[in-house]
Amino acid sequence: MITIPKDLDTKEKKIPLRGMMENVMEQFNSASDHINLHPNIRKILSITNNEIIVHFPVKMDNGDVAIFTGYRVQHNNALGPYKGGLRYHPTVDIDAARALAMWMTWKTSLAGLPYGGGKGGIQLDPTKYSAGELERITRRFTFALADNIGPEHDIPAPDVNTNSQTMAWMADTYMSTRPPAERSANQHVVTGKPAGSGGLEGRDRATGFGVFLTIKFWAERNNEVLKGKTFTVQGFGNVGYWAAYFLELEGAKLVAVQDAFGSIQNKNGIEVAALFKYAQAHKGSIVAYPDALPLDKDDFFSTACDICIPAALGNQITIENAPFIKAKLIAEGANGPTNVEGEQILIKNGVTIIPDILCNSGGVIGSYFEWLQNRNGELWQLDEVMMKIEKKMKESFDKVNKYAEEHHLDMRTAAYCIAIQRIERAYVERGIFP
Ligand code: NAD
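Here's a quick rundown of the structure. (Residues numbered from 1 in each chain as written. Predicted model: local features only at pLDDT ≥ 70, side-chain atom pairs only at ≥ 80, totals over all residues. Heavy atoms only, no water.)

Structural notes on the site of the ligand
1) Next: Residues in contact with the ligand amount to 24 residues; listed here are only the nearest, D159, N161, T207, A312 and N335.
2) Next: V239 has a polar backbone atom sitting 2.9 Å from an oxygen atom of the ligand.
3) Next: Within the backbone of A260, one N or O atom sits 3.0 Å away from an oxygen atom of the ligand.
4) Next: Considered on its own, the ligand offers 830 Å² of accessible surface; in the complex 87% of this is hidden by protein. (Near = heavy atom within 4 Å. Polar contact = N/O pair within 3.5 Å; in protein donor to acceptor, adjacent residues only side chain to side chain. Areas by Shrake-Rupley, 256 points an atom, 1.4 Å probe, with all protein chains shown as cover.)

Quick look at the structure:
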């Protein structure tokens, strides 16, 4: 065991930050103050370990060559290999990748997984490219990342606008560029693969299922029933759809949805399966769904409901719309959907927030199971996977609530305190090389 001198306070030396990074740092600093985090560990966790930016050429369908910029930020690996998604979106930049990588470090730590945190992606609008172009972009990005990722080093997964197909292309490219004898041993370089290609049964629904579970646990804790509760979902992709699917199974009613293309509402309820089928037939868009009315974009968050699930992008609930939110529970399916000012208003108004690093951790828990399955050469059954996810989510949920109650904290600060303390312990026990 080492003793680290308490000589420096990085709060004084904080670099000016903007956007999501500013949020994650404020959240981190507030929890670190609460646990009196060792100043040297605060310094280490305030910065990212590695930041990889790659520019790479890809041949387009028309024969032209386009240059793309891809990012992979590896925040911290004190507890294990870097783990986190890859996002294809115009808002992807180094600032977003840094913030999202940090959130992954807290999330994997809170979930008690042997992982650190990483995140990345490509700055692009995928709707502008054909399937063939997206495949070549993905494969060339994987090739450009080269040994900066790896099954025991940094393990990407799907995020916004990437899916199991993207992960299948990545795994195939990575494995194809290894020496023949090593190829099949590298399948777990990514998680979120299709079930037929080393993927885990149930990984597709793991995040949304986890979001639903945290809502169910919250209801049980507060002697509430989900049957008859109304809810809204921002983002009807992987996370939003599956969260809505499981809530509807419990008898809750979806009353408004917003996606990248528009917003819809129906006080009498929107049937989740029918909306999903409609979106699939309309390039992922919910706009003009026949059994609902259009809703103004700015009115989405003020829709009357019991539960609101932001499951799209970061910085969606802010000082602008937080005062008008009627839901009493916000379940953060997305990463960083509520900014610090928005959160302060919600807390003042008595709204409970199940924080992202807890609420959407079912995804990375599912990814961990996929990684274990590949590593051990096993194939797990769906019911077994769902049971294991529920057990882990319950442990995390109870841990956060206990800490929040004992220390009179909101759930986010409590979740951060638990996550950071686990990493702090690893540093204190191991010391700093050399
Ligand atoms: P996805 O690509 O499957 O779906 C994204 C959805 O958000 C789409 O419906 C899209 O139309 C909508 N959207 C995009 N921009 C929007 C905007 N400006 N306003 C409203 N809606 C918008 O992505 P996903 O995998 O469901 O991820 C959603 C969120 O959940 C992200 O914040 C992601 O980081 C987080 N998350 C995902 C996973 C996972 O396993 N996929 C795990 C943990 C957290």
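Considerations on the packing of aromatic side chains
1) Next: Evaluation of the coordinates by the stated rule reveals 23 aromatic pairs.
2) Next: Between W106 and Y416, the ring centres sit 6.0 Å apart and the planes meet at 50°, which makes this aromatic pair tilted. Within this pair, whereas W106 is found in helix α3 (residues 94–110), its partner Y416 is found in helix α13 (residues 411–430), the two being separated by 310 residues in sequence.
3) Next: For W106, a relative accessible area of 0% gives the class buried. (Phe/Tyr/Trp six-rings, centres within 6.5 Å; stacked < 30°, edge-to-face > 60°. Helix = DSSP H or I, 4+ residues; strand = E, 2+ residues; numbered from the N terminus. Buried < 20%, exposed > 50% of the residue type's maximum accessible area, 1.4 Å probe, protein only.)

Here we look at the pairing of strand β4 (residues 117–122)
1) Next: The element β4 is extensively covered by neighbouring structure, given that six of its six residues are classed as buried.
2) Next: The alternating pattern of β4 places G117, K119 and G121 and G118, G120 and I122 on opposite faces, both of which are buried.
3) Next: Relative to β4, strand β2 (residues 65–76) runs antiparallel, the two sharing six bridges. Directly across from Y71, in β4, lies its bridge partner G121.
4) Next: The pairing of strand β3 (residues 82–88) with β4 spans three bridges and is parallel. By the bridge assignment, R87 is partnered in β4 with G121.
5) Next: For the handedness criterion, the β-α-β arrangement of β3, α3 and β4 is classed as right-handed. (Pairing = 2+ DSSP bridges. Right-handed = clockwise from strand over helix to strand, strands pointing away.)

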